Amino acid sequence: MIPLFLLTSLLLSGFFSQIDKCHAVFPIKEATIKDIHSAFNQNKLTSKQLVEFYLEQIKCLNPILKGVIEVNPDAIHEAIKADEERKAKKGSVWMSKLHGIPILLKDNIATKDKLNTTAGSLALLRSVVPRDAGVAKKLREAGAIILGKASMTEWAAFRSEGIPNGWNARAGQGKNPYVLSVDPCGSSSGSAISVAANLATATLGTETDGSILCPSSFNSVVGIKPTVGLTSRAGVIPISPRQDTVGTVSDAVYVLDAIVGYDSRDTEATKRASKYIPHDGYAQFLKSDGLKGKRLGIVRNPFYNFDDDKLLTSAFEHHLQTLRQAGAILVDNLEISHIETILDSSVSGEDTALNTEFKMSLNAYLKELVASPVQSLADVIAFNKKFSDEEKIKEFGQDTFLAAEATNGIGKAEKKAVKNLSKLSKNGFVKLMKKNKLHALVAGGPDISRVLAIGGFPGINVPAVYTNTGVPIGMSFGGLKGSEPSLIEIAYAFEQATKIRKPPTFL
Ligand SMILES: *[C@@H]1O[C@H](CO)[C@@H](O)[C@H](O)[C@H]1NC(C)=O
Ligand SMILES: *[C@@H]1O[C@H](CO)[C@@H](O)[C@H](O)[C@H]1NC(C)=O
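What you see is a predicted model, and the numbers here were worked out from it, not measured in a lab. Residue positions are given per chain, counted from 1 along the sequence in the order it is written. A letter from A marks each chain and a number from 1 marks each ligand, given out in the order of writing. Only residues with pLDDT of 70 or above have their local features reported here, since the model is predicted, and side-chain atom pairs are shown and tallied only from 80 upward, although totals for entire chains, interfaces and linings are computed over all residues. Hydrogen atoms and water are omitted, and side-chain values are computed over all heavy atoms in the structure.

### Overview of the site of ligand 1
Note the threshold: Proximity is defined per residue: any heavy atom of the residue falling within 4 Å of a molecule or strand makes that residue near it. Between N or O atoms, a polar contact is any pair within 3.5 Å; within protein, one atom must be a potential hydrogen donor and the other a potential acceptor, and residues adjacent in sequence are included only when both atoms are from side chains. Using the Shrake-Rupley algorithm and a 1.4 Å probe, accessible areas are obtained, with residue cover drawn only from the displayed protein chains.
Taken together, E70, V71, P73, K114, N116, L125 and R126 are the residues near ligand 1. A distance of 3.4 Å separates an oxygen atom of ligand 1 from a polar side-chain atom of E70. For ligand 1, an oxygen atom lies 2.2 Å from a polar atom in the side chain of N116. Coverage of ligand 1 by the protein chains reaches 58% of its 360 Å² of free accessible surface.

Laid out in structure tokens, this is it:
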């Protein structure tokens, strides 16, 4: 028998030679969509080469990182088609900014192709979706190549409290590419891991409460969580129509431009939010002087409590200084009323509301499937019991599922909970923003996400610092509904002024 430590070191040495091999393929790495397009236009790169590069990266790194669940067997074919289209249109202006760009979709976003859509669960394997999700359709229309499905916390972490961030029964445990033993956060873990490790140019993720902002923060990538309704949720395995939103990780603005807009299958919310979409899109707000004159709110407690970690405290102080130097006006030492309640989902009413909304919207999603081994939440629970080893039910449980199954539509308690949440938003975040005439609230780390989640407000994460053990933490910017233009100006100018992002080191 090989002693355990030897086995570990053998595995590790194998792992590092693996990583070295992956490092060999270079120039595409860390390239932005703009870089890629100019390489296309100068005939230095084709979509096919780009897809092959990412497939190679996935083959090399994914056995360890588990950021990807499936690759699209038609991706190369689609890339060849994109190359031909580009050749045919030569001389005309730049086509769509996503044309020929390979993108991974979180595994809860339906695609009508050879890929499965399962939220990481074995229960949905071989289910047949009726059509592309609204956002997937828009990506295809923009000419993007769907490279595959990104891994995620199973059922977007709504199965149980005990399910680890980034774990699902289909792919196993997603790893943080900066420090492999560290939580990658969730539930859009694979979307963040994959972009961080250059397994795709960009990815789509979804957020109900923290699921884009947190993994972006922990994997040193930009993540945009749009205003609820700005992007369609049709065809996305749901949690809550009140809080769910589809967003994007890295090179996020061009992707946002492609996926926003009205969808007749998510009518009310997308209609309501469509008034926020600027006529000429969001890329116009990528301005390096975007911080000039912006009023930024700072809530020290709890968003700058770093447990006396000197490195983090001074890094974020330094960043606040940078914001000032770039022309922003900082309004410091603000407070959000009832912040303790807002941060505790069991007290605020959020848990009550989500449990009910989840059961109703998941059952509606499952009903729409053309074929599926499970037809209802009750079926999924039964499936998990039957395959409890594969789904690790003993270890990670399915208590949230059980609590959701016990609900019975929107009754008195749920109405009260939803009302409470909007009151907490109105008297907390909204009041603070309006009273101080703020463009954004700025927070160290992703904890601001809950404040944003309960009101459907947008947020952006930008890489900000690495702890002394090498773990990334981001700066997050949150604003009122429809404030994406200001948030993009602020986040982009901050990113350009700091440039903290560096590729992962696989420690
Ligand atoms: C979808 O799942 C089925 C069943 O496990 C599998 O055979 C198939 O290869 C999967 N599709 C892709 C594109 O991986
Ligand atoms: C509503 O919020 C208050 C704090 O403002 C909290 O104490 C209370 O438990 C919440 N009620 C419900 C029904 O969720």
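Still more ground to cover, so stick around.
### Description of the site of ligand 2
Note the threshold: A helix here means a DSSP run of H or I that spans at least four residues, while a strand means a run of E at least two residues long, and both kinds are numbered starting from the N terminus.
Looking at ligand 2, the residues that line it are H338, T341, V347, S348, G349, K416, N420 and L424. Burial of ligand 2 by the protein chains amounts to 61% of its free accessible area of 360 Å². Those elements that place two or more of their residues in the shell around ligand 2 are α13 (345-348) and α18 (412-435). Element by element, the count of residues in the shell around ligand 2 is highest for α18, at three residues.

### Side note on the state of the cysteines
Just so we agree on the cut-off: By disulfide we mean two sulfur atoms from cysteines, separated by a distance within 2.5 Å. Think of it in three bands: with a 1.4 Å probe and only protein chains considered, a residue is buried below 20% of the maximum accessible area for its type, exposed above 50%, and partly exposed in between.
By the definition in use, this model includes one disulfide. Residue C185 pairs covalently with C214 via a disulfide, S to S 2.0 Å. Taking the torsion about the sulfur-sulfur bond, which here is approximately 105 degrees, the covalent link between C185 and C214 counts as right-handed. A residue pair is termed long-range when its members are at least 10 positions apart, and C185 in the loop between β5 (172-173) and α6 (189-196) and C214 in helix α7 (residues 213-218) qualify at 29 residues. Here the two residues C185 and C214 agree in accessibility, since each one is buried.

### Some points on empty space enclosed by the protein
Left-over empty space is what a probe sized like a water molecule reveals as it rolls over the atoms. This is how it is decided: Within this scheme a cavity is a closed region of a 1 Å grid, computed over the protein atoms alone, that accommodates a 1.4 Å probe without allowing it to escape, whereas a pocket is open but has protein on both sides within 12 Å along at least five of seven lines; lining residues each have an atom within 4 Å of a point. Grid points are joined across faces, edges and corners, and a volume is the space filled by probe spheres set on the points. Gly falls in the polar group here, along with every residue not listed as nonpolar (Ala, Val, Leu, Ile, Met, Phe, Trp, Tyr, Cys, Pro) or charged (Asp, Glu, Lys, Arg).
For the structure shown, the criterion picks out two cavities of 30 Å³ or more. As a volume, the largest cavity reaches approximately 60 Å³. Around the largest cavity sit N108, A156, T206, T208, R233, V236, I237, P238, I239, D244, T245 and V246, which together line it. A per-class count over the lining of the largest cavity returns six nonpolar, four polar and two charged. Empty space within the second largest cavity amounts to approximately 30 Å³.

### Examining the domain arrangement of the protein chain
Our working rule: For each domain, the first and last residues come from an automatic or database assignment. Two residues qualify as a contact provided that any one of their heavy atoms is within 4.5 Å of a heavy atom in the partner residue. As used here, buried area is the combined drop in accessible area, with a 1.4 Å probe, of two parts when they are placed together. We define a salt bridge as a contact between a side-chain nitrogen of Lys or Arg and a carboxyl oxygen of Asp or Glu at a distance within 4 Å.
As far as domains go, the protein chain holds domain 1 (30-285) and domain 2 (347-414). Here the C-alpha centroids of domain 1 and domain 2 sit 25 Å apart. Facing the 35 residues of domain 1 at the interface are 31 residues of domain 2. The contact between domain 1 and domain 2 buries some 2700 Å² in all, and 63% of this surface belongs to carbon and sulfur atoms. Together, A123, F158 and R159 form the three largest contributors to the area buried by domain 1 at its contact with domain 2, with a combined 26%. In this assembly, domain 1 and domain 2 are joined by three salt bridges. With a shortest N-O distance of 2.6 Å, E357 and R242 are connected by a salt bridge. Across the domain 1-domain 2 interface, the total number found is 18 residue pairs in polar contact (both at pLDDT 80 or more).

### What about the packing of aromatic side chains?
What counts here: We call Phe, Tyr and Trp rings a pair once their centres come within 6.5 Å, taking the six-membered ring for Trp, and we label the pair stacked below 30 degrees between planes, edge-to-face above 60, and tilted otherwise.
Counted according to the given criterion, the structure contains 12 aromatic pairs. Measuring from ring centre to ring centre gives 6.4 Å for Y304 and F316, while their planes differ by 80 degrees; the resulting arrangement is edge-to-face. Of the two residues, Y304 is situated in the loop between α10 (300-303) and α11 (310-325) and F316 in helix α11; the sequence distance between them amounts to 12 residues. Each member of the pair, Y304 as well as F316, carries the same accessibility label: buried. Arranged with centres 4.6 Å apart and planes meeting at 35 degrees, the rings of F383 and F387 form a pair that is tilted.

### Quick word on the sheet that holds strand β10 (residues 329-331)
To be explicit about the condition: Pairing between two strands is assigned when DSSP locates at least 2 bridges connecting them. Inter-axis angles, ranging from 0 to 180 degrees, are taken between N-to-C directions of lines fitted to C-alpha atoms, where helices are fitted over the stretch in contact.
Spatially, 11 strands are ordered β1-β3-β2-β6-β8-β7-β12-β13-β11-β9-β10 in an open sheet, and the strand pairing comes out mixed. For this open sheet the edge positions go to β1 (68-71) and β10, each flanked by a neighbour on one side alone. For this sheet the average axis-to-axis angle between neighbouring strands, irrespective of direction, equals 30 degrees. For strand β7 (residues 223-225) and strand β8 (residues 245-249), the ladder comprises two bridges, and the chain directions are antiparallel. Following the sheet pairing, G223 is matched in β8 by V249. Lying on the sheet, helix α20 (residues 484-498) is in contact with β9 (295-298), β11 (440-444), β12 (459-466) and β13 (472-478); it crosses β12 at an angle near 15 degrees.

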